Amino acid sequence: MNKLLILGANPETIPLIERARSMGLYVIVTDNDPNAPAKKVADKGIDINGMDVSRLVQFCKDEKVNAVLVGVADRLIEPYQQVCEMLGLPCYGNKYQCEVLTNKGKFNSLCKEYNLATIPSTTLNRKDTIDLKQITLPVFIKPVDRNSGKGMSIAYSEQELSNGIEKAFSNTSSDYILLEKYMTCNDVLVSYTIADGEPTLSAMADRYTCKEQNRASQVCLGAIYPSNLLEVYMEKEHPKMVKMLKGIGLKNAILTISAFVENGNFYYYDPGFRLQGEAPNLHMENINGFDQKEFLINIALGNKISKDDIIEADFQNKHAATIWFLLKQGVVGQVVGFDTIEKDPSIFHISRRLFEGDVITEAMTGTEGQVMARVYLCCKTKQDLKNKVSEIQDTIKVFDKNNNNQLFNGFFIK
């Protein structure tokens, strides 16, 4: 039996584990958290830190593991590549690709090489002396090697700028951070599948973000498929993106990139060289029958990959959405409505992350730590989707231990 080791055991990794097990693999998941959620669904859970490459390599040798993958954890992509290289196992990215597609500063430079615009930004080195008065506010501050809002903040004043710089540097292993123009527009995601060296756009969505936390990173509230900008993107940006993905030599891989869209211009800012927490792959699978999870598992096993098996971002005249439910600070008291929406035929997947008794701290503000659940649904028409999204958001109620509403406002499809 093939043994697959997956690095990272957060809730979003569970569908990958379940798919691998359904394919007959013995799945081992590692995470230094003994109670990591995905360990409950794997055949075996171990407590080795995903960054500890030497221990992971030795474990794989001892246990005769013959396939390795990274789960939904950006910081584990480079260790994943290193483990595969040391064991001589298939990996969907080489050292350079994993570096440039996980480091936001290097990604920005790469985009510029291929005439793909990025958010106007300034690089700040840890040793630099900076005149805060010279920075145009508001500004978005972020580490180059973190995602999901960690270490990120928005500064409207010099004091917030100073605090934000300190926060970003305390959340990075890099010597520099980015100070970006603060973008207030909504954004899009584009998700690619690369097979036999040929990139295919597998999904594109319009994303809605939470504007109620104006001092924190804007966490997503929802995504709508297909994007209203799909045709514009395919004509204006897709050829340049394909040239870049081919230019860095991607052979068999997946990649999701976020971009702000302002006045018809795309500004790329966040590469995801792995399965995403918001899981556009679930919509691809539900509507088009193409499973990116199985695609990655086949890469890990060294199976033959054919571009003929990849399906483009044609959602067959259907309309889909992901709804994120975000919680305010406090202790979760009562949650109402999930038993009702579970019976809704338009909903094909629900991912719960937080439950009664869980605590949302100030440190989790502006990060995916606020995400209680994601709900995935599909409808025949856009109007049906608009009505259903509103209905689901009206159904779910969350109260803290003091019986106060703990949910942020949802989003509405235009």
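These numbers come from a predicted model, not from an experiment.

> What exactly am I supposed to notice about the overall build of the protein here?
Helix and strand counts for the protein stand at twelve helices and 19 strands. In terms of overall dimensions, the protein is globule-like: its C-alpha atoms have a radius of gyration of 21 Å, near the 22 Å expected for 414 residues. Considered along the principal axes of its C-alpha atoms, the protein spans approximately 55 × 55 × 45 Å. Counting all 414 residues of the protein, 57% fall into the buried class. Taking contacts inside the protein between residues at least 6 apart in sequence as the whole, the part at least 24 apart equals 67%. For the protein, the computed accessible surface area is about 17,800 Å², with 45% contributed by carbon and sulfur atoms. Taking the 47 positively charged and 51 negatively charged side chains of the protein as two groups, their mean positions are separated by 1 Å.

> Whenever I open this one, helix α5 (residues 104–113) confuses me. Can you help?
Residue pairs spaced three or four apart in an α-helix point in one direction, given the helix's 3.6 residues per turn. For α5, the full list of buried residues reads K104, G105, F107, N108, L110 and C111. N115, located one to two residues past α5, shows a positive phi value of around 60°.

> Mind showing me how you'd approach the side chain of H238 here?
Turning to its location among the elements, H238 is positioned in helix α8 (residues 238–247). At 2.8 Å, the side chain of H238 and the side chain of Y192 are in polar contact. In this structure H238 touches Y192, L201 and Y233, once residues within four positions along its chain are discounted.

> So what exactly am I meant to see when it comes to the pattern of salt bridges here?
Should their charged atoms come close, side chains of opposite charge can pair. Applying the stated criterion to the full structure yields 22 salt bridges. A salt bridge links E63 to K3, with the nearest nitrogen and oxygen atoms 3.9 Å apart. One end of the pair, E63, is in helix α2 (residues 53–63); the other, K3, is in strand β1 (residues 3–7), and 60 residues separate them in sequence. Across the pair E12 and R353 runs a salt bridge, and its minimum N-O distance is 2.5 Å. Remark: R353 occurs in the loop between β16 (347–352) and β17 (359–360) and E12 occurs in the loop between β1 and α1 (14–22); sequence separation between them is 341 residues. Salt bridges sharing partners connect three or more residues here, namely R19, E285, D291, K293 and E294.

> Explain the environment of D187 to me, please; I cannot follow it from the model alone.
Mapped onto the fold, D187 is located in strand β9 (residues 187–195). Through-space distance from the C-alpha of D187 to that of A259 is 5.6 Å; in sequence the pair is 72 residues apart. What D187 contacts, discounting residues up to four positions off in sequence, is A205, D206, R207, T209, S258, A259, F260 and Y269.

> Looking at this model, I keep getting lost on the packing of aromatic side chains. Mind explaining?
Aromatic rings considered in pairs are described by the distance between their centres and by the relative angle of their planes. Tallying each qualifying case throughout the model produces nine aromatic pairs. An angle of 50° between the planes, with centres 6.2 Å apart, marks the rings of F348 and Y376 as tilted. Taken together, the residues span a long stretch of sequence, with F348 in strand β16 and Y376 in strand β18 (residues 371–379) at a distance of 28 residues. Note on Y376: relative accessible area 1%, which makes it buried. Three or more aromatic residues link up through ring pairs in this structure, and these residues are Y80, Y92 and F273. Looking at R352, its charged tip hangs above the ring of F338, at a distance of 4.5 Å from the centre.

> Looking at this structure, I do not really get helix α9 (residues 280–288). What am I missing?
In terms of burial, α9 is largely enclosed, as seven of its nine residues are buried. Those residues of α9 that sit buried are P280, N281, L282, H283, M284, I287 and N288. Downstream of α9 by one or two residues, G289 has phi in the positive range, about 75°.

> Is there a simple way to think about the sheet that holds strand β2 (residues 26–30) in this case?
Hydrogen bonds along the backbone pair up the strands of a sheet, which may run parallel or antiparallel. Spatially, β3-β2-β1-β4 is the arrangement adopted by the four strands of the open sheet, whose pairing is parallel. Strands at the two margins of the open sheet, each flanked by one partner only, are β3 (44–46) and β4 (67–70). Each strand of the sheet is rotated relative to its neighbour by a mean of 25°, with strand direction disregarded. In terms of strand pairing, β1 meets β2 through five bridges, oriented parallel. Of the residues in β2, the one forming a bridge with L5 is I28. Sheet strands touched by α1: β1, β2 and β4. Its angle to β2, the strand with the most contacts, is close to 155°. Its contacts with the sheet place helix α3 (residues 77–87) against β1 and β4, and it is angled at close to 170° to β4.

> Can you help me understand the pairing of β18 in this one?
Where a strand is regular, its side chains alternate between the two sheet faces. Of all nine residues making up β18, nine are buried, and the element is well covered by its neighbours. Alignment of strand β14 (residues 319–326) against β18, held across eight bridges, turns out to be antiparallel. Bridge pairing in β18 places F325 opposite A373. Sheet topology note: the β16/β18 ladder contains five bridges and is antiparallel. Paired with S351 across the bridge in β18 is R374.

> Could you clarify how one ought to interpret the pairing of strand β11 (residues 220–225) in this entry?
Most of β11 sits out of view: six of its six residues are buried. Summarising the sheet, strand β10 (residues 198–209) and β11 pair through four bridges and their orientation is antiparallel. Bridging from a neighbouring strand, T209 pairs with C220 of β11. Here four bridges tie β11 to β14, and the two strands are oriented antiparallel to one another. Looking at the pairing, Y225 lines up with A320 of β14.

Calculation notes
Residue positions are given per chain, counted from 1 along the sequence in the order it is written. pLDDT decides what is reported in this predicted model: residues at 70 or higher carry local features, side-chain atom pairs at 80 or more are listed and counted, and totals for whole chains, interfaces and linings draw on all residues regardless. Each side-chain value is worked out from all heavy atoms of the structure, with water and hydrogens disregarded. A run of H or I in DSSP counts as a helix once it spans at least four residues, and a run of E counts as a strand once it spans at least two, with each numbered from the N terminus. Based on C-alpha atoms, the radius of gyration is set beside the globule rule, defined as 2.2 Å times the residue count to the power 0.38. Exposed residues in this analysis have more than 50% of their type's maximum accessible area, buried residues have under 20%, and partly exposed residues fall in between, with area computed by a 1.4 Å probe over protein chains only. Here, two residues are considered to be in contact whenever any of their heavy atoms come within 4.5 Å of each other. Here the accessible surface of atoms and residues is derived via Shrake-Rupley with a 1.4 Å probe, and residues count as covered only by protein chains that are part of the display. A residue counts as positive if it is Lys or Arg and as negative if it is Asp or Glu; His and the chain ends are not included. Charge coordinates come from a single atom per side chain, which is NZ of Lys, CZ of Arg, CG of Asp or CD of Glu. For this analysis, a polar contact is any N or O atom pair within 3.5 Å, provided that within protein one partner can donate a hydrogen and the other can accept it, and provided that sequence-adjacent residues contribute only side-chain to side-chain pairs. We count a salt bridge whenever a side-chain nitrogen from Lys or Arg sits within 4 Å of a carboxyl oxygen from Asp or Glu. Stacked, edge-to-face and tilted are the three classes for Phe, Tyr and Trp ring pairs, Trp counted by its six-membered ring, which pair at centre distances within 6.5 Å; planes under 30 degrees apart are stacked, over 60 edge-to-face, the rest tilted. Placement of a positive charge over a ring is assigned whenever Lys NZ or Arg CZ falls within 6 Å of the ring centre and within 35 degrees of the normal to the ring plane. For two strands to pair, DSSP has to find at least two bridges joining them. A fitted line through C-alpha atoms serves as each axis, taken over the contacting stretch for helices, and the angle formed by two N-to-C directions is quoted from 0 to 180°.

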